[in-house]
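Okay, here's what each chain looks like letter by letter:
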Amino acid sequence: MSISIEFNDVSKKFQNTSEYAVDHISFSVTHGELITILGSSGCGKTTLLKMINRLYEPDSGVIRFFGEDISRNDPVEFRRKIGYVIQQVGLFPHMTIEKNIATVPRILKWDKDKIRSRTDELLILVGLDPEEYRKRYPSQLSGGQQQRVGLARALAADPELMLLDEPFGAIDAITRLKLQDELLKIHQASRKTFLFVTHDINEAFKLGSRVLIMDSGKIQQFDTPRNIVTNPANAFVESLIDSVRQQELLWKETTS
């Protein structure tokens, strides 16, 4: 399998700060994986993601996309190869759902029939009936439905890489679980590489084929959920696992 994303000794420090946001990290992701990036606020996970789509530039090190140094590409052109989904969906309120989804294909000058076909295909993929939702506006959708449209828009130009920065963080718990299940189906159907940032350990372990755990700008462990649970790399990772076990114990106590 090919390597889709590779970090080689990458660091990032912002102005007027003494600590690294991302501190000399190296890792690689095989094409087709769904990687979750787990950590608390300020650990560096969003900075890591934003360096991939070049919203931030690293101070040192190299990031490669299918073997090519991304700094050698025009950043605007490069971003069109990547799907990007954030917590604040960012749909254009004055555009219909189909026009929102077609944003990048229109920039790429796809013909109208291809855009229409792709839009309907993606609405079906994210569980929204094209006949019912195509002509609606974002304000006519629930938060969960808007997030589904955000996923569809990010997938519209068939990117090889999807970056998702806490996309379900503002969604209620029941809808969030449903969207997690939908995301797993979408990933399996698309066969693309997904990098999904979250601070929720249950979400990270449910979704990730591997989980990259960060703290203070460093990678604490990068492994499968099973291996992390059975062999935590250090005290920090062990404390995360213990927090989940304590939650499970609380549920057992309150339901017994």
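Model, not experiment: these values are computed from the prediction. (Residues numbered from 1 in each chain as written. Predicted model: local features only at pLDDT ≥ 70, side-chain atom pairs only at ≥ 80, totals over all residues. Heavy atoms only, no water.)

### Remarks on the packing of helix 7 (residues 143-155) against helix 8 (residues 173-190)
Working step 1: Interaxial distance between helix 7 and helix 8 falls to 11 Å at its minimum, and their mutual angle equals 20 degrees. As the angle between them shows, helix 7 and helix 8 are arranged roughly parallel. The crossing of helix 7 and helix 8 is right-handed. Of the residues in helix 8, those touching helix 7 at G144, Q147, R148, L151 and L155 are T175, L179, E182, L183 and I186.
Working step 2: Of the residues that constitute the contact of helix 7 with helix 8, the class distribution is 5 nonpolar, 3 polar and 2 charged. (Axes fitted to C-alpha atoms, helices over the stretch in contact; angles between N-to-C directions. Helix = DSSP H or I, 4+ residues; strand = E, 2+ residues; numbered from the N terminus. Parallel < 35°, antiparallel > 145°, perpendicular 65-115°, else oblique. Left-handed = near helix turned anticlockwise from the far one by under 90°. Contact = heavy atoms within 4.5 Å. Nonpolar A, V, L, I, M, F, W, Y, C, P; charged D, E, K, R; others polar.)

### Section: helix 5 (residues 112-125)
Working step 1: Counted at 1.5 Å a residue, the expected span for helix 5 with its 14 residues is 20 Å, and the 20 Å between its end C-alpha atoms agrees.
Working step 2: Taken as a whole, helix 5 has its buried residues at I115, R118, T119, D120, L122 and L123.
Working step 3: Its side-chain oxygen placed 3.1 Å from the backbone nitrogen of D113, D111 serves as the N-cap of helix 5.
Working step 4: Positioned one or two residues after helix 5, G127 has a phi angle of 85 degrees, which is positive. (Expected span 1.5 Å × (residues − 1). Buried < 20%, exposed > 50% of the residue type's maximum accessible area, 1.4 Å probe, protein only. Polar contact = N/O pair within 3.5 Å; in protein donor to acceptor, adjacent residues only side chain to side chain.)

### Some remarks on the UniProt feature "domain: ABC transporter" (unreviewed entry) in the protein
Working step 1: UniProt's feature table lists "domain: ABC transporter" (unreviewed entry) at residues 5-241, given in the numbering used throughout.
Working step 2: The span residues 5-241 is 39% helical and 24% strand by assignment, and the distance between its end C-alpha atoms comes to 27 Å. (UniProt positions renumbered as here; feature names shortened; annotations may be inferred.)

### Details of the sheet that holds strand 2 (residues 22-30)
Working step 1: In spatial order, the strands read 2-1-4-5; together these 4 strands make up an open sheet with antiparallel pairing. In this open sheet, the two edge strands, each paired with only one partner strand, are strand 2 and strand 5 (68-69).
Working step 2: Across 2 bridges, the pairing between strand 4 (residues 60-65) and strand 5 is antiparallel. Bridge pairing links F65 to E68 in strand 5.
Working step 3: The sheet strands contacting helix 1 (residues 45-52) are strand 1 (3-12), strand 2 and strand 4, and the helix crosses strand 1 at an angle near 120 degrees. (Pairing = 2+ DSSP bridges.)

### Some remarks on the environment of R245
Working step 1: Looking at the element boundaries, R245 is found in helix 11 (residues 235-255).
Working step 2: Residue class for R245 comes out partly exposed when judged on its relative accessible area of 44%.
Working step 3: Considered as a pair, R245 and P75 are 170 residues apart in the sequence and their alpha carbons are 43 Å apart.

### Concerning the pairing of strand 3 (residues 34-38)
Working step 1: For strand 3, the buried fraction is high: 5 of the 5 residues fall into the buried class.
Working step 2: For strand 3 and strand 8 (residues 193-198), the ladder comprises 5 bridges, and the chain directions are parallel. What sits directly across from I35, in strand 8, is L195.
Working step 3: Alignment of strand 3 against strand 9 (residues 210-215), held across 4 bridges, turns out to be parallel. Within the sheet, the bridge partner assigned to I35 lies in strand 9 and is R210.

### Quick look at the nonpolar core
Working step 1: Judged by nonpolar contacts, the single largest core of 28 residues is most densely connected at I101, L151, M162, L164, L183 and F194.
Working step 2: Top element by residues in this core is helix 7. It accounts for 5 residues.
Working step 3: In this structure, L151 is in contact with V85, V126, M162, L164, L183 and I186, ignoring residues within four places of it in sequence.
Working step 4: In terms of nonpolar packing, the next biggest core, distinct from the first, is built from 26 residues, I25, F65, L195 and F222 among them. (Core = buried A, V, L, I, M, F, W, Y, C linked by side-chain atoms within 4.5 Å.)

### A look at the side chain of T193
Working step 1: Positionally, T193 belongs in strand 8.
Working step 2: A residue is classified by how much of its surface remains accessible, and T193, at 0% relative accessible area, is buried.
Working step 3: Here the side chain of T193 touches S4 through a polar contact of 3.2 Å, side chain to side chain.
Working step 4: For T193, the contacting residues outside a window of four places in its chain are S4, V29, T30, H31, G32, E33, E160, L161 and M162.

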